[in-house]
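# Coordinate inspection notes
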Amino acid sequence: MPSPNLNSEDYYQILGVDRTANDAQLKKAYRKLAVKWHPDKNPDNAEATTNFQKIAEAYACLSDEKNRKMYDQYGKEGANAADQMPEGHMPGGHMPGGMGGFPGGMHFGGMPGGGGGSHQHHMSQEEASKMFEGMFGGSDPFGGAGMFGGGMGGNAGFGGGGMDPFSMFGGGMGSPGMHMSMGNMGGAGPGMGMSPGGMNAFQQQNSPRPQRFDAIPIGTVVSLKGLKNAPERNGDQGIIKQYNPSNKRYIVLLEDTDETMSVKACNLLQHVHVIIQDVKSQPELNGKTGTILTWMPTKERYNIHVSALKKVVSLRPANVVLETGTVGCISGLKGKPEFNGKWGTIKNCDRESKKYDIQLSSQQVIRIKVENLRV
């Protein structure tokens, strides 16, 4: 399978699929790329918005049988012309308007089997968002219980029945947030029982291991961020498969692949659940649950999708309560700065005082304000 090329004008290259790709492969490619480049995950990022539009435009064309046939024969302008044809009409070499199969070798942009053209329609952000939201039966695009595309129930992890294009996000994966049972990956273990190729190399041993309170749990769903040596991977999703305490790096199994990466904790964003609290300007948000989509360091806010309201809101850490069991990094402590940068597990949350009890080790628990923990 080729890699996606968002600098291309060819729809197949944009989605990173072969020209023989079936519907399931197209959906799988679209879902993965749309999650990565969705504007709500990439605020104030013009490149992400443009890429999201290109991905939607490519999928909209190739997922329609008539448009795809016209695109394969005549390129983008052919696909656009297909929208004007009567239902069931396919030209046998003559294009509408007397184009006659592009006489004289007419082509658009020189793209093989498709390509540019000065008059083709480009999908707007509003159109791309409406297509994304409308094609899944009104279901929550940031919730759901799927994982790794088609690995959980077929049809590329979403489609009919209102399943979720953002299948890595949301509930149904255990607590807290989206932790999966990754033991016995090669067999029919409880819960997931998945067996992607090459997973046996990372199977968990049956012998119990000492519990760690400073490491993100195995199976947590994450996105990669801030990678300098592999910037093309930023935004890609995966799950924590292993933690190496000797170098403090995590082995992340990337979505829909057998590929793993070894990354530091600072290069991971956990997609965990939160409860919203004490938002005075929008009291209707208080008490609602949401999913963390991204962290905006310049604004020191999370973008959070609130499934009940079907909207994304930008909130400070003081306005969100992370689930018990979530592992986060302590920051911003002034009274005890020696704890800044340490990782610990939320043991308890006192909603009235807005403080967490954070377990750093089997012997040490400290109490901090909710705004002093980051994921």
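Throughout this document, residue positions are counted from 1 along each chain, in the order its sequence is written. It should be noted that, the model being predicted, local features are given only for residues of pLDDT at least 70 and side-chain atom pairs only at 80 or more, the latter also being counted only at that level, while totals for whole chains, interfaces and linings use all residues. In computing side-chain values, all of the structure's heavy atoms are included and hydrogens and water are not.

### Quick look at the overall build of the chain
Broken down by element type, the chain carries 6 helices and 15 strands. Summary of the burial criterion: residues with accessible area below 20% of their type's maximum are buried, those above 50% are exposed, and those between are partly exposed, where the area comes from a 1.4 Å probe applied to protein chains only. The buried share of the chain, taken over its 375 residues, is 47%. The contact criterion used throughout is that any non-hydrogen atoms of two residues lie within 4.5 Å. Sequence-distant contacts, at least 24 apart, represent 52% of the contacts inside the chain between residues at least 6 apart. Areas reported as accessible are Shrake-Rupley estimates using a 1.4 Å probe. Residue values count occlusion only from the protein chains shown. Counting only carbon and sulfur atoms, one obtains 49% of the accessible surface of the chain, whose full area is about 17,600 Å². Labels follow the DSSP assignment, with helices taken as runs of H or I lasting at least four residues and strands as runs of E lasting at least two, numbered in each case from the N terminus.

### Notes on the sheet that holds strand β14 (residues 365–369)
One open sheet holds the 5 strands; their spatial order is β14-β13-β12-β11-β15, and the pairing between them is antiparallel. Unpaired on one side and paired on the other, β14 and β15 (373–374) mark the two borders of the sheet. In this description, strands pair whenever DSSP reports at least two bridges between them. Relative to strand β13 (residues 355–359), strand β12 (residues 343–350) runs antiparallel, the two sharing 5 bridges. Bridging from a neighbouring strand, C349 pairs with Y356 of β13.

### Overview of unusual backbone geometry
You will see that K310, though not glycine, has its phi angle at about 55°, which is positive. Among the secondary structure elements, K310 is positioned in the loop between β8 (301–306) and β9 (311–315). Judged by relative accessible area, K310 falls into the exposed class, the value being 57%. One non-glycine residue, K354, adopts positive backbone phi at about 55°.

Keep in mind these values describe shape, not function.
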